[in-house]
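One letter stands for each residue in the lines below.
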There are 2 protein chains.
Amino acid sequence: MSDAPKTMNGAESVVRSLHSAGVDVCFANPGTSEMQFVDALDRTKLMHCVLGLFEGVVTGAADGYTRMARKPAVTLLHLAPGFANAAANLHNARKARVPMVNLVGDHALRHQKYDAPLSADVEAACAPFSDWVKSGTDAGSFAADAMEALRVATGKPGRIATLIAPADIGWDEGGQMAAATAPDGPAPLDLSALDDAVAALESGEKTVILVGNSVLEDVAAIALLEGIAQKTGAQILAPTSSRRIERGQGRAPMAKVPYPINEAIACLAPYARAILIETLPPVAFFAYPGKPSLLLPEDCVQVTLTDVDGDGPAAVAALADCIGAQPGKGQSPEMPARPQSGAITLQNIAAALSNALPEDAIIVDEAVSCGGATFPAGDAARPNSWLALTGGSIGIGIPLSAGAAIACPDRPVITIQGDGSAMYTIQGLWTQAREESNVTTIILANQSYEILKGELHNVGAQPGQDALDMLNLDRPHLDFVALAKGMGVPGRRVEDVADLMRAIEDAAREPGPYLIEAML
Amino acid sequence: MSDAPKTMNGAESVVRSLHSAGVDVCFANPGTSEMQFVDALDRTKLMHCVLGLFEGVVTGAADGYTRMARKPAVTLLHLAPGFANAAANLHNARKARVPMVNLVGDHALRHQKYDAPLSADVEAACAPFSDWVKSGTDAGSFAADAMEALRVATGKPGRIATLIAPADIGWDEGGQMAAATAPDGPAPLDLSALDDAVAALESGEKTVILVGNSVLEDVAAIALLEGIAQKTGAQILAPTSSRRIERGQGRAPMAKVPYPINEAIACLAPYARAILIETLPPVAFFAYPGKPSLLLPEDCVQVTLTDVDGDGPAAVAALADCIGAQPGKGQSPEMPARPQSGAITLQNIAAALSNALPEDAIIVDEAVSCGGATFPAGDAARPNSWLALTGGSIGIGIPLSAGAAIACPDRPVITIQGDGSAMYTIQGLWTQAREESNVTTIILANQSYEILKGELHNVGAQPGQDALDMLNLDRPHLDFVALAKGMGVPGRRVEDVADLMRAIEDAAREPGPYLIEAML
């Protein structure tokens, strides 16, 4: 902080204070009301500023950055509509408990009472997608508000903290540096819950251990879970989607609760006991006529060893200690045979990915309807970090990859991306090109909102042409190679599984982004 | 209504009731919680269903449709994140007082208490961007709620009405047809305000008549305003942006309040009296250090002849009658000389557009930083309807055009589109291709958020490289011809003004969409 000037405006005090607390990346799509932040970022040169051409790219990238960097970025957004554009990927980050600090510009305080074109109730717009919202009131307290946002965001579990920034408190002089304060630590382990969990494992009844969030990011915890499973016969399961799982050869394979409702119910039907560690009781993605909302059997005895605000890895260690389990050896499945030439199918895609995904890759999974087929590749492939869509709001894959690549410039990033979902935030390819990120985007082009065809069936409908016209994307065909070219990302189309593997291997070796349109 | 079946589910009752009240287009980006609507739309075949690949396309298109069809469409959106994606263009529609009815799916009522991935407070998410929000409660009353939404939306002034649709009340049987009820009519003319307006015009002081919304859509009202101006010397001005102005040869030219703050203040500085007809007192787009928020001089005497809930054309007619003004003759400016070959510049673009824009065109104006240069073309061109970005939230042009073309399939649509703003909702090109709309998109490619450079200057900053990197779009270059090709829209790049004119003329003559990337 010693470098801070004696006098500065509010915007500069926020930038300097956040940076002194370790925030050094700003994902931005600024407008007029954020110009004093653009100026402060420019003059201080303290943060890496990453421009997104659409706000959903900004927040998706901030999420991907934070999942990999294990510390938050700050986003810079423009008034209520800019926040709304950003909100879907904030929703996803919030469900993943990924910490994030948003700075949302607003009109100058004196201007807010008028019906200017961009005036709206910014606080009301931010609240439904934030865990904490405050509107700054003056230049002198602006940095302290930013530090409080950071404290809230980084507490356990991670939260979305949104600080509204009226333009004038940014440009007014009188900014004061503010120091970081310690965030909330995890809730302490409940020892009676630990006793109950041990009892479940020793009950002789079929037991499932459902683990989420930071447990899945921790290779030591994953190894201990493998040991617990081997010792007790319990099944370990991750939620349907998780912010990050450390997977691959030499690590324990990680199964998950399936997305399709009937498969999810069948998966959990055998269990008389369930132990929950940093995750909530599994619930159906959607409700369906005649199906339950909660997925565990009604008579399953559940123990919450830690809630989402607890320290999951510590709970796993305590549980392993109680039952005398040692870390497992990481019995990942064998690498499947490399598929020979032929069409790319849901049957051969996992084997193809397992063989082609590079060492130490970051895999971003927005495969949607292909996700059941592609997920197993993460266990058989070389070691990787597997990042998934957590809030069900499609359009995260391309931005998430852009952000992950900024956090880890030395690791290859591979995006497994459905075509329909790709189109929500396709603009993120431009950010990948601008940042020269080593991201390979694999578009799984089935040319439809394929997953919705199953969902239409689930509500009892027999689709006719008008319904199919709202689910099919083949009129006109989307040409993702052309779209990528339009944003400075080279690419190619592949129709053969051997070509797909070669294209992945080539692209991951080369620096910079690449797009592979894989025709299914 | 006689064709309605005796029993139907809630979704079908909503579709049938809305259709019986004249709603026959549905703009949609549905998900699982809307499958019963997809099914009902499919089985009834009552509405033209238009798919957008992103929700901002859906609401922007619904807005464009309504501006031209003069009746609302219905939108179909997916939960809180889907609504958030749609919200920026709802913000724009709301500022324009364009009526719209949104159906936003939510989880089934019994499912809402769980932390499912897509669960969120849908009502809180919708409220800041809607004038009316209700969550449906049961299948039997669902259609009546939809009719109330339609009544609210179509009352004067137009409103955004959002009906939240829990999945189960859509699929439950017991749907009941509901009849339309009459919307609010306009507020009656205030006769003392009429006296004050007449007094202003007869005061001998410099007077401006600011007119908005339905006045600008009404060729008879525009002609009467011309007559009033000729008789009294008053200046007629439109707001900085308007939902629709009937312009072109044989109609009165229509000046507007400029966007740049200094020009706006200078434009209004001469006036001692102001008469407001269906518009609010003009306010600066943004606040700036040392500049006023309200644009009329402090000592200007203002008369609100009608507020935005009044009947502006009737007020204009009453005012003309009081002062004995006849309709003007439509003294539009002469067609400028056709520019010869040379670079496309802000100096020659209005003349080029004036010559090239086809008869009876719908012009969609999201030129942003080029808007000052291109706006005059609307007066000199052949008769046209001129639709602008009304709420300042960029990313409306391409969707607005898609919707306008569906309302008026026999009129050519020309979009004058900034490059930065195009990227927010570029997905709308696919909808134009799918619907085979005769839309010509002219991208004005200056490869920057050019308007923000002026805004940075307005807050007193001298931009360095980091600031320019957040405003420039030239690393990498965006290739809009490739982007269009990726979505099934043919196009070409032009660098010469004569080529630009020929390309517009060719594209407007040919059916189907086309994109012209005009390099500035």
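Caption draft 1: Fine view of the overall build of chain A. In terms of regular secondary structure, chain A is built from 21 helices and 18 strands. Taken against the 2.2 N^0.38 rule, which gives 24 Å for 520 residues, the C-alpha radius of gyration of chain A at 24 Å falls within 12% of a compact globule. Along the three orthogonal principal directions, the C-alpha set of chain A runs to about 65 × 60 × 45 Å. Taking all 520 residues of chain A together, the buried fraction comes to 65%. Taking the contacts inside chain A whose residues are at least 6 apart along the sequence as the reference set, 81% of them involve residues at least 24 apart. Summed over its atoms, the accessible surface of chain A is roughly 16600 Å², and 50% of this surface lies on carbon and sulfur atoms. Positive and negative side-chain charges of chain A, numbering 37 and 60 respectively, have mean locations separated by a distance of 3 Å.

Caption draft 2: Quick peek at the sheet that holds strand S11 (residues 273–277) of chain A. All names here are of chain A. The parallel open sheet is built from 5 strands, whose spatial order is S10-S8-S7-S11-S12. Of all strands in the sheet, those with a lone pairing partner are strand S10 (255–256) and strand S12 (301–306), marking the two edges. Bridging between strand S7 (residues 207–211) and S11 involves 5 bridges; their strand directions are parallel. Within the sheet, the bridge partner assigned to Val211 lies in S11 and is Ile277.

Caption draft 3: Just the interface of chain A and chain B, in detail. Residue-level contacts link 101 residues of chain A with 102 residues of chain B. Summing both sides of the interface, chain A and chain B together bury roughly 8200 Å²; the carbon and sulfur share of this comes to 64%. Interface area lost by chain A to chain B is led by Pro117, Arg434 and Met470 of chain A, which between them contribute 9%. Ionic pairing is found between Asp115 of chain A and Arg97 of chain B, a salt bridge with its closest N-O pair at 3.8 Å. The interface formed by chain A and chain B holds 46 residue pairs in polar contact (both at pLDDT 80 or more) in total. The set of elements that each furnish at least two residues to the side of chain A that touches chain B consists of helix H2 (35–44), strand S2 (48–51), helix H4 (79–95), helix H5 (122–126), helix H17 (428–434), helix H18 (450–458), helix H19 (465–469) and helix H20 (480–486) of chain A. By residue number, the principal contributor to the side of chain A that touches chain B is H4 of chain A, which donates 9 residues.

Caption draft 4: Quick peek at the relation of the copies chain A and chain B. Overlaying chain A with chain B gives an RMSD of 0.0 Å, the required rotation being 180 degrees about an axis along which the chain moves by 0.0 Å. Here the symmetry operator amounts to a two-fold rotation axis.

Caption draft 5: View of unusual backbone geometry. Residue Lys156 of chain A is joined to Pro157 of chain A through a cis peptide bond whose omega torsion reads -10 degrees. For Pro157 of chain A, the position within the fold is in the loop between helix H6 (139–154) and strand S6 (160–166). Arg475 of chain A connects to Pro476 of chain A through a cis peptide bond whose omega is 0 degrees. One can find Pro476 of chain A in the loop between H19 and H20. We note that Leu79 of chain B has phi near 60 degrees; this positive angle belongs to a residue other than glycine. Structurally, the position occupied by Leu79 of chain B is in helix H4 (residues 79–95). Classification of Leu79 of chain B as buried rests on a relative accessible area of 0%. If you check the backbone angles, Arg97 of chain B has positive phi at about 55 degrees while not being a glycine. Relative to the elements of secondary structure, Arg97 of chain B occurs in the loop between H4 and strand S4 (100–106).

Caption draft 6: Region of the structure containing the pairing of S4 of chain B. All names here are of chain B. With 7 of 7 residues buried, S4 is to be regarded as a mostly interior element. Neither face of S4 is open: one carries Met100, Asn102, Val104 and Asp106, the other Val101, Leu103 and Gly105, and all of them are buried. Sheet topology note: the strand S3 (residues 74–78)/S4 ladder contains 5 bridges and is parallel. Directly across from Leu77, in S4, lies its bridge partner Val104. Handedness of the crossover is the feature at issue here: the chain leaves S3, passes through H4, returns alongside S4, and the resulting connection is right-handed. Sheet topology places S4 next to strand S6 (residues 160–166); 7 bridges connect them, and they run parallel. Within S6, the residue paired with Asn102 across the bridge is Thr162.

Caption draft 7: Structural detail: the pattern of salt bridges. Tallied over the full model, the rule gives 58 salt bridges over all chains. Its salt-bridge partner being Arg411 of chain B, residue Asp360 of chain B comes within 3.5 Å of it at the nearest N-O pair. Linking Asp360 of chain B in the loop between helix H12 (349–356) and strand S13 (361–366) with Arg411 of chain B in the loop between helix H15 (397–407) and strand S15 (413–418), this pair joins segments that are 51 residues apart in sequence. Members of the salt-bridge network, linked through shared partners, are Glu12, Arg16, Asp39 and Arg43 of chain A.

Caption draft 8: Region of the structure containing the packing of aromatic side chains. Applying the stated rule across the entire model yields 13 aromatic pairs over all chains. Ring-pair connections join several aromatic residues into one group, and the members of that group are Phe54 and Tyr424 of chain A together with Phe54 and Tyr424 of chain B. Above the ring of Phe375 of chain B, the side-chain terminus of Lys256 of chain B is found at 4.3 Å from the ring centroid.

Caption draft 9: Structural view of the packing of helix H8 (residues 191–201) of chain B against helix H11 (residues 312–323) of chain B. All names here are of chain B. Orientation of H8 relative to H11, taken along the N-to-C sense of each, is 55 degrees, at an axis distance of 10 Å. As the angle between them shows, H8 and H11 are arranged oblique. Viewed along their axes, H8 and H11 form a crossing whose handedness is right-handed. Along its contact with H8, which presents Leu194, Ala197, Val198 and Leu201, the element H11 presents Ala318, Leu319, Cys322 and Ile323. Tallied by class, the residues present in the contact of H8 with H11 amount to 8 nonpolar, no polar and no charged.

Caption draft 10: Looking closely at the sheet that holds strand S7 (residues 207–211) of chain B. Residues and elements named next belong to chain B. Read from one edge to the other, the open sheet built from 5 strands follows the order S10-S8-S7-S11-S12, with strand pairing classed as parallel. Each edge of the open sheet carries a strand with a single partner, namely strand S10 (255–256) and strand S12 (301–306). Of the strand pairs in this sheet, S7 and strand S8 (residues 235–238) are connected by 3 bridges, and their pairing is parallel. Considered in S8, the bridge of Val208 is made with Gln235. In the packing of H8 onto the sheet, the strands contacted are S7, strand S11 (273–277) and S12, and the crossing angle to S12 comes to about 135 degrees.

Caption draft 11: Just the nonpolar core, in detail. Leu18, Phe37 and Phe480 of chain A together with Leu18, Phe37 and Phe480 of chain B are the most contacted members of the largest nonpolar core, which has 134 residues in total. For Phe480 of chain B, the contacting residues outside a window of four places in its chain are Asp419, Ala422, Met423, Ile426, Ile443, Leu515 and Glu517 of chain B. With 64 residues, the next largest nonpolar core counts Leu216, Ala229, Ile344 and Ala503 of chain B among its residues.

Caption draft 12: Just the confidence of the model for chain A, in detail. Confidence in the prediction of chain A, expressed as mean pLDDT, is 96, and 100% of residues score 70 or more. ipTM for the predicted complex: 0.97, alongside a pTM of 0.97.

Caption draft 13: A look at the side chain of Asp39 of chain B. Structurally, Asp39 of chain B is set in helix H2 (residues 35–44). The buried category is assigned to Asp39 of chain B, whose relative accessible area is 11%. In this structure, Asp39 of chain B is in contact with Leu456 and Ala461 of chain A, ignoring residues within four places of it in sequence.

Caption draft 14: Examining the side chain of Thr441 of chain A more closely. Of note, Thr441 of chain A is situated in strand S16 (residues 439–445). Apart from residues no more than four positions distant in its own chain, Thr441 of chain A is found in contact with Ile398, Thr415, Gln417, Leu429, Gln432, Tyr514, Leu515 and Ile516 of chain A.

Caption draft 15: Quick look at the environment of Asn213 of chain B. Residues and elements named next belong to chain B. One can find Asn213 in the loop between S7 and helix H9 (219–232). Take Asn213: its relative accessible area is 13%, and that puts it in the buried class. Once you skip the residues sitting within four places of it in the chain, Asn213 turns out to touch Ala96, Arg97, Arg243, Arg244, Glu278 and Val308.

Caption draft 16: Structural context of the environment of Trp430 of chain B. Within the secondary structure, Trp430 of chain B sits in helix H17 (residues 428–434). Along the primary structure Trp430 of chain B and Pro258 of chain B are separated by 172 residues, whereas in three dimensions their C-alpha atoms are 33 Å apart. With sequence-adjacent residues up to four places away left out, Trp430 of chain B is seen in contact with Asn472, Leu473, Arg475, Pro476 and Leu478 of chain A together with Leu51, Leu53 and Met487 of chain B.

Caption draft 17: Inspection of the state of the cysteines at higher detail. Enumeration according to the criterion identifies 0 disulfides over all chains in this entry. Of all cysteine sulfurs in the structure, the one in Cys26 of chain B sits closest to Cys408 of chain B, which takes part in no disulfide; the separation is 19 Å.

Caption draft 18: Spotlight on helix H11 (residues 312–323) of chain A. Residue and element names in this part refer to chain A. Counted at 1.5 Å a residue, the expected span for H11 with its 12 residues is 16 Å, and the 17 Å between its end C-alpha atoms agrees. All of the buried residues along H11 are Gly312, Pro313, Ala315, Val316, Ala318, Leu319, Ala320 and Ile323. On its buried face, H11 sits against helix H8 (191–201), helix H9 (219–232), S11 and S12. For H11, the N-terminal cap is Asp311; the gap from its side-chain oxygen to the backbone nitrogen of Ala314 is 3.1 Å. Gly324 sits one or two positions beyond H11 and adopts a positive phi of about 70 degrees.

What counts and what doesn't
Residues numbered from 1 in each chain as written. Chains lettered and ligands numbered in written order. Predicted model: local features only at pLDDT ≥ 70, side-chain atom pairs only at ≥ 80, totals over all residues. Heavy atoms only, no water. Helix = DSSP H or I, 4+ residues; strand = E, 2+ residues; numbered from the N terminus. Rg over C-alpha atoms; globule rule 2.2 N^0.38 Å. Buried < 20%, exposed > 50% of the residue type's maximum accessible area, 1.4 Å probe, protein only. Contact = heavy atoms within 4.5 Å. Areas by Shrake-Rupley, 256 points an atom, 1.4 Å probe, with all protein chains shown as cover. Lys, Arg positive; Asp, Glu negative; His and termini not counted. Charge placed at Lys NZ, Arg CZ, Asp CG, Glu CD. Pairing = 2+ DSSP bridges. Buried area = accessible area lost by both parts, 1.4 Å probe. Salt bridge = Lys/Arg side-chain N within 4 Å of Asp/Glu carboxyl O. Polar contact = N/O pair within 3.5 Å; in protein donor to acceptor, adjacent residues only side chain to side chain. Least-squares fit on C-alpha atoms with pLDDT ≥ 70 in both. Right-handed = clockwise from strand over helix to strand, strands pointing away. Phe/Tyr/Trp six-rings, centres within 6.5 Å; stacked < 30°, edge-to-face > 60°. Lys NZ or Arg CZ within 6 Å of the ring centre and 35° of its normal. Axes fitted to C-alpha atoms, helices over the stretch in contact; angles between N-to-C directions. Parallel < 35°, antiparallel > 145°, perpendicular 65-115°, else oblique. Left-handed = near helix turned anticlockwise from the far one by under 90°. Nonpolar A, V, L, I, M, F, W, Y, C, P; charged D, E, K, R; others polar. Core = buried A, V, L, I, M, F, W, Y, C linked by side-chain atoms within 4.5 Å. pLDDT = per-residue confidence, 0-100. Disulfide = S-S within 2.5 Å. Expected span 1.5 Å × (residues − 1).

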